[in-house]
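In case you want the letters, here they are:
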Amino acid sequence: MATPQLITRTNQTTLLVQSTQGRAGTPDGNIFIDTVNDRIEIITAEELSQVNLGSGLEANPLTNAFGITLQALYAFERRIRRTNTSLRKFLPGTDGVFQFAGAWVFENGIKLAGTDRTKIRQSGWIEYSATRAIDRIYFGVRSLNDIQPTSQPYIQLSASQSEVDLLAAAPINASRLGPLDEAFQVFGSTANGDSGAGNFDFTTSRVLFSKVRTFGYTQGVAFSKGVGGSGVETLQGFSAGFGLGEVLSPTSTFTLSQVYGGSAISPYTGILFTRFASPQTKTGFVQASGLFTDVISNSAGATLAQIRARMDAWMQLDTDIDTNLNGFKPKRAARLYTIDDVGRLRPRQGLFIENVPTADQQSVAFTDNSGNLKTYPFNVQVTVFVSDAWANDPNAWYQCMFKDGASTADFDTTGAVIVNNASGVPVVGTSSAATGSTGSKRIVFSFDYDGNVQAGLVAGIDKVVVFLAEGDGGAQAALAEITITRQSTISAQALSEAETNI
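For the structure given in this document, a descriptive report is provided here. All values reported here derive from a predicted model rather than from experimental measurement. (Residues numbered from 1 in each chain as written. Predicted model: local features only at pLDDT ≥ 70, side-chain atom pairs only at ≥ 80, totals over all residues. Heavy atoms only, no water.)

A tally of helices and strands in the protein yields six helices and 32 strands. Its C-alpha atoms give the protein a radius of gyration of 33 Å, clearly above 23 Å, the size a compact globule of 502 residues would have. With the principal axes as the frame, the protein shows a C-alpha extent of 110 × 50 × 35 Å. Across the protein, the mean location of the 38 positive side-chain charges is 12 Å away from that of the 45 negative side-chain charges. (Helix = DSSP H or I, 4+ residues; strand = E, 2+ residues; numbered from the N terminus. Rg over C-alpha atoms; globule rule 2.2 N^0.38 Å. Lys, Arg positive; Asp, Glu negative; His and termini not counted. Charge placed at Lys NZ, Arg CZ, Asp CG, Glu CD.)

It is worth spelling out the sheet that holds strand β20 (residues 290-296) at this point. Sheet architecture is open: three strands sit in the order β19-β20-β23, paired in mixed fashion. Two strands in the sheet have a free side with no partner beyond their single neighbour: β19 (273-282) and β23 (351-353). Direction aside, the axes of adjacent strands within the sheet are offset by 45° on average. Relative to β20, β19 runs antiparallel, the two being bridged by six bridges. Residue pairing for β20: F273 is matched across the bridge by I296. Seen against the sheet, helix α5 (residues 304-314) touches β19, β20 and β23 and runs at an angle of roughly 135° to β23. (Pairing = 2+ DSSP bridges. Axes fitted to C-alpha atoms, helices over the stretch in contact; angles between N-to-C directions. Contact = heavy atoms within 4.5 Å.)

Next up on the list: the layout of surface pockets. Gaps left between atoms are located by rolling a probe of water-molecule size over the structure's atoms. Size it by volume and the largest pocket reaches roughly 560 Å³. If you trace the largest pocket, you find 22 residues lining it, with V356, P357, T358, Q361 and S446 closest to the centre. Of all the secondary-structure elements, those providing two or more residues to the lining of the largest pocket are β26 (379-386) and β29 (442-448). Looking at which element gives the most residues to the lining of the largest pocket, the answer is β29, with five residues. Within the lining of the largest pocket, the residues separate by chemical class into eight nonpolar, 12 polar and two charged. (1 Å grid on protein atoms, 1.4 Å probe; cavity = no way out; pocket = protein on both sides within 12 Å on 5 of 7 lines; lining within 4 Å. Points joined across faces, edges and corners; volume = space filled by probe spheres on them. Nonpolar A, V, L, I, M, F, W, Y, C, P; charged D, E, K, R; others polar.)

Attention now goes to the pattern of salt bridges. Counted according to the given criterion, the structure contains 21 salt bridges. Between D318 and R332 there is a salt bridge, and its shortest N-O distance comes to 2.7 Å. With D318 in the loop between α5 and β21 (337-339) and R332 in the loop between α5 and β21, this pair connects stretches of sequence that are 14 residues apart. Relative accessible area serves as the criterion here: at 11%, R332 is assigned to the buried category. Note that K403 and E481 form a salt bridge whose closest N and O atoms lie 3.1 Å from each other. Taken together, the positions of K403 in the loop between β27 (397-402) and β28 (428-430) and E481 in strand β31 (residues 478-484) put the pair 78 residues apart, joining distant regions of the chain. K403 gets classed as partly exposed once you look at its relative accessible area, which sits at 36%. Taking relative accessible area as the criterion, E481 reaches 48% and is therefore assigned partly exposed. Connected through shared salt-bridge partners, R23, E41, E47, D116 and K119 make up one network. (Salt bridge = Lys/Arg side-chain N within 4 Å of Asp/Glu carboxyl O. Buried < 20%, exposed > 50% of the residue type's maximum accessible area, 1.4 Å probe, protein only.)

Here we come to the environment of N173. Residue position: N173 is located in strand β13 (residues 172-173). Separated by 20 residues in sequence, N173 and P153 have C-alpha atoms that sit 6.2 Å apart. A polar contact is formed between the side chain of N173 and the side chain of K331, at a distance of 3.3 Å. (Polar contact = N/O pair within 3.5 Å; in protein donor to acceptor, adjacent residues only side chain to side chain.)

Another aspect to go through is the sheet that holds β27. Read from one edge to the other, the open sheet built from four strands follows the order β28-β27-β30-β31, with strand pairing classed as antiparallel. Both outer strands of the open sheet, β28 and β31, are each paired with one neighbouring strand and no more. Ignoring which end each strand starts from, the neighbouring axes of this sheet average 20° apart. Bridge count for strand β30 (residues 463-470) against β31 is seven bridges, and the pairing is antiparallel.

Our next topic: the environment of G405. Inspection of the secondary structure puts G405 in the loop between β27 and β28. Taking the C-alpha atoms as reference, G405 lies 8.1 Å from Q454; in sequence the two are 49 residues apart. With near-sequence residues (within four places) excluded, G405 lies in contact with D410, A455 and L457.

Tallied over the full model, the rule gives 22 aromatic pairs. Aromatic side chains F273 and W314 sit 6.3 Å apart centroid to centroid with 85° between the ring planes, which places their arrangement in the edge-to-face category. Separated by 41 residues along the polypeptide, F273 in strand β19 and W314 in helix α5 bring together distant segments of the chain. Pair check on accessibility: F273 and W314 agree, each one buried. Joined through ring pairs, the aromatic side chains of F285, F292, F352, F366 and Y376 make up one cluster. For R132, the ring lying beneath its charged end belongs to Y128, and the centroid distance is 3.8 Å. Cation over ring: K331 sits above Y154, and NZ or CZ is 4.7 Å from the ring centre. (Phe/Tyr/Trp six-rings, centres within 6.5 Å; stacked < 30°, edge-to-face > 60°. Lys NZ or Arg CZ within 6 Å of the ring centre and 35° of its normal.)

Sheet topology places β27 next to β28; three bridges connect them, and they run antiparallel. Each residue of the ladder has a partner; that of Q399, found in β28, is V428. Where β27 and β30 come together, six bridges link them in antiparallel fashion. By the bridge assignment for β30, W397 is matched with E470.

In structure tokens form, the structure reads like this:
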């Protein structure tokens, strides 16, 4: 028969069969009730490939991947006790509390065997000792949104939503990949003889975070209580759904091994995270300067998309990525960024990214330590492609001027005004400033569209500039008229011919 995705109350009658021996012996069924050790064993296909469900041996339908609900196990125990008089000599092991919340109990000192607890789905439970004292509590966590079958979901049990507490909360991976549907222990007591239970009570003192962070997909997170939480105030023996999921991200086009790790290449190797002891002052915004404690460097000129890919790679790491070794482990921490309603990358509060290319500056917005929004003025990245002959002429130079300024500030007059870049530096230089490879040499500068008032012109309007690229011995002169409009990038050509007149 086809393997079902889950053993439930409705299909357990045809898919579960009692085993006469446990996994330590020769099991012949997929559920073994051990009356000697007060244990219930869930024997899946990974251990026992075939069982006899009444028509001879066939594939064991109970698997680690899909598991079983406690409602199904409860119904199974009721069913076999009806006909098995030997089992009637012993107290039952399972009982229900509220089936619609997936709340169950293991009573009379009877428990699941070892890692069989990870095979339970859509359920939470309390494990009682023979004296009716609580030994353990397991809280069931279910993801409600799409998660890729190869993604690794995990949880954290944190004392609060604060950064300090999150960094102290070790991640606990789910036992299987794909959608999250598993119970995690939130209470333990060894006082009643359960030596492996631990001694802790997280039922009311912890916030449960469920997360999935797969490279190439958006970073999913949902948590139990607090502002934005799932409304689960106590982590008890029941199951709850969390709005956890992921969707394909633009970073899916990048190769993880090149972005981070031993095979990482430039420009990714120039992207580093630093947490400073004292906040750093950052400027260049439309608003006033801001203070930032966390800074991501970008020494090799990565694009914003490449920086985002690097951050996505970091978020899978439970190691300290801080260059100052302050113990910043991204897998535990809150997301480094979100994407806002207009598609901008929004680094979390107090995080600044250095050297964002001009072409990307309208696609990012920062929040300083005090919660103030910081955005860049609209800077246009102007790229002027030049010839190899010009780039190879050591005496070649370039200069950019306004074509038609106010009054006498026109090009080709004594009043011509040299264009300043967005940092206020004149756009003038030599061929040594050309970048790019042979056949694609270029000069790149930024222009403050909303702020530049040079040559007596009004800010925030289109402007025509003249870019001169002239040589002296190796290249002739070239001129490009460029209309600077309010768009992120503009390209032009000033292709000088090789000098043949000298």
